[in-house]
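Coordinates in review
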Amino acid sequence: MNNNNSNNIIEQVQAVDQRNDVVCGAADDDDKKGISFGLFSKMFARRHGLHLLGTASTWLLLDVSYFSQNLFQKEIFTAVGWLPAAHTMGALDELFNFARAQTLVALCGLIPGYWITVILIDIIGRVTIQLIGFFFMTVFMLALAIPYHHWIQKHNSTGFVVMYALTFFFANFGPNSTTFIVPAEIFPARFRSTCHGISAAAGKAGAIIGAFGFLYAAQDQDKSKADPGYPAGIGIKNTLFLLAAVNVLGLLFTFLVPEPNGRSLEEISGEIEECESNKSNPITDQFN
């Protein structure tokens, strides 16, 4: 009789352990997980609201800056004299010169930045890389904007392009890599894809703002020098200052994001704590 009771208790313990494994393993079955809060609940806002604000805002701010720089390289390189004005070139010459300029920026900035991220991301952490990226993007934007009239001198245009390529290097060795990774790691499994989607949508909104905003903002302050059909803007120099301010905001909002490096997904998202709160004691239940 005692052996039967012992076997029953052992079976119950094993059953509860299996159930808790499902909970801690972030299964999709809500009943097994014992979910106590939803995406739009106060509990989610208290536990993960600032995290979601951090991932969404940093992705948005990154894309405002990144797409502004990326989509309008031709205008910037022409303004500093590194490329001839469009009306002085044929279509094939313009295509060749612009493609060459973009290739140099990619080889010197974008590609090395990605590879350095791959090498260091599990060593120094995602948040650290993101902070480094936003910080140096700000530094190099200001280094371009403050002495802007120095850079637009013809003999200084190569230096401008080198500095400009470094902003892309620190975008990729920084938030352009980490803003995609972090939202997939810091939220509970049942919210992970939704929160990643919200963050990505914020990034796409930032891309729209950057693309259209820069198109208007970068126009010359003298309307007679602005592109046909566009009003006067604030000029490239002031636009660079504006993008530096955007990067500063990105750096500040990064502090809302927890560092996931070296921790399990369940630990980062708080699912282990939730799992522990839902555990029951089968031996106690047997005798109550």
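Above this text sits the structure in question.
The shown structure was predicted, so the numbers you read here are calculated from the model rather than taken from an experiment. (Residues numbered from 1 in each chain as written. Predicted model: local features only at pLDDT ≥ 70, side-chain atom pairs only at ≥ 80, totals over all residues. Heavy atoms only, no water.)

**A short note on the overall build of the protein**
Within the protein, the regular secondary structure consists of 14 helices and zero strands. When the helices and strands of the protein are placed in sequence order, the string is α-α-α-α-α-α-α-α-α-α-α-α-α-α. Expressed as a percentage of its 288 residues, the buried residues of the protein come to 43%. Relative to all contacts within the protein whose residues are 6 or more apart in sequence, the contacts with residues 24 or more apart total 76%. Accessible surface, the protein: about 14,800 Å² in total, of which carbon and sulfur atoms supply 64%. (Helix = DSSP H or I, 4+ residues; strand = E, 2+ residues; numbered from the N terminus. Buried < 20%, exposed > 50% of the residue type's maximum accessible area, 1.4 Å probe, protein only. Contact = heavy atoms within 4.5 Å. Areas by Shrake-Rupley, 256 points an atom, 1.4 Å probe, with all protein chains shown as cover.)

**With respect to the packing of helix α3 (residues 42-71) against helix α11 (residues 235-254)**
Where α3 contacts α11, the two axes come as close as 9 Å, and the packing angle between them is 160 degrees. The pairing of α3 with α11 is recorded here as roughly antiparallel in orientation. Considering how the two elements wind past one another, α3 and α11 form a crossing that is left-handed. Contacts between α3 and α11 pair Leu53, Gly54, Ser57, Thr58, Leu61, Val64, Ser65, Ser68 and Gln69 from the former with Leu243, Val246, Asn247, Leu249, Gly250, Phe253 and Thr254 from the latter. For the contact of α3 with α11, the per-class residue count stands at seven nonpolar, nine polar and no charged. (Axes fitted to C-alpha atoms, helices over the stretch in contact; angles between N-to-C directions. Parallel < 35°, antiparallel > 145°, perpendicular 65-115°, else oblique. Left-handed = near helix turned anticlockwise from the far one by under 90°. Nonpolar A, V, L, I, M, F, W, Y, C, P; charged D, E, K, R; others polar.)

**Examining the nonpolar core**
Generally speaking, a soluble globular protein has its nonpolar side chains buried in company with each other. Counting 36 residues, the largest nonpolar core has Ile76, Phe77, Leu144, Phe160, Tyr164 and Leu240 as its most contacted members. Going through the elements one at a time, α3, α4 (73-79), α5 (91-124), α6 (126-145), α7 (148-151), α8 (157-172) and α11 are the ones with two or more residues in this core. In terms of residue count, the dominant contributor to this core is α8 (nine residues). Among all residues touching Ile76, those that are not within four sequence positions of it are Phe160, Tyr164, Phe214 and Ile236. Membership of the second largest hydrophobic core comes to eleven residues, among which are Leu39, Val182, Phe191 and Cys195. (Core = buried A, V, L, I, M, F, W, Y, C linked by side-chain atoms within 4.5 Å.)

**Some thoughts on the packing of aromatic side chains**
Scanning the entire structure with this criterion turns up 13 aromatic pairs. For the ring pair Tyr66 and Phe168, a centre distance of 5.9 Å and an interplane angle of 75 degrees mean the geometry is edge-to-face. Note that Tyr66 is positioned in helix α3 and Phe168 in helix α8, a separation of 102 residues in sequence. The same class applies to Tyr66 as to Phe168, namely buried. Consider the rings of Phe135 and Phe136, whose centres lie 5.1 Å apart with planes at 85 degrees: the pair is edge-to-face. For Phe135, a relative accessible area of 43% puts it in the partly exposed group. (Phe/Tyr/Trp six-rings, centres within 6.5 Å; stacked < 30°, edge-to-face > 60°.)

**With respect to the packing of α3 against α6**
Between α3 and α6, whose axes approach to 13 Å, the crossing angle comes to 40 degrees. Comparing their axes, α6 and α3 come out oblique. Our pair here, α3 against α6, has a crossing hand that is left-handed. Contact with α3, carried on its side by Thr58, Leu62, Ser65 and Gln69, involves Gln130, Phe134, Met137 and Met141 of α6 and no other residues of that element. Broken down by class, the residue content of the contact of α3 with α6 amounts to four nonpolar, four polar and no charged.

**What about the pattern of salt bridges?**
Summed over the entire model, instances satisfying the criterion amount to two salt bridges. Where Asp122 meets Arg126, a salt bridge forms, and the shortest distance between an N and an O atom there is 2.7 Å. The buried category is assigned to Arg126, whose relative accessible area is 10%. Of the charged contacts, one joins Glu185 and Arg126 as a salt bridge, the two residues approaching to 3.0 Å between their closest N and O atoms. Taken together, the positions of Glu185 in the loop between α9 (175-181) and α10 (189-217) and Arg126 in helix α6 put the pair 59 residues apart, joining distant regions of the chain. Of the two residues, Glu185 and Arg126, both sit in the buried class. Residues joined in a network through salt bridges with shared partners are Asp122, Arg126 and Glu185. (Salt bridge = Lys/Arg side-chain N within 4 Å of Asp/Glu carboxyl O.)

**Description of α5**
If you check α5, its first and last C-alpha atoms are 46 Å apart, about what 34 residues at 1.5 Å a residue would give, namely 50 Å. The sharpest bend along α5 reaches about 45 degrees and sits at Ala106. All of the buried residues in α5 are Asn97, Phe98, Ala101, Val105, Ala106, Gly109, Leu110, Gly113, Thr117 and Ile121. (Expected span 1.5 Å × (residues − 1). Bend = angle between axes of the 7 residues up to and from the residue.)

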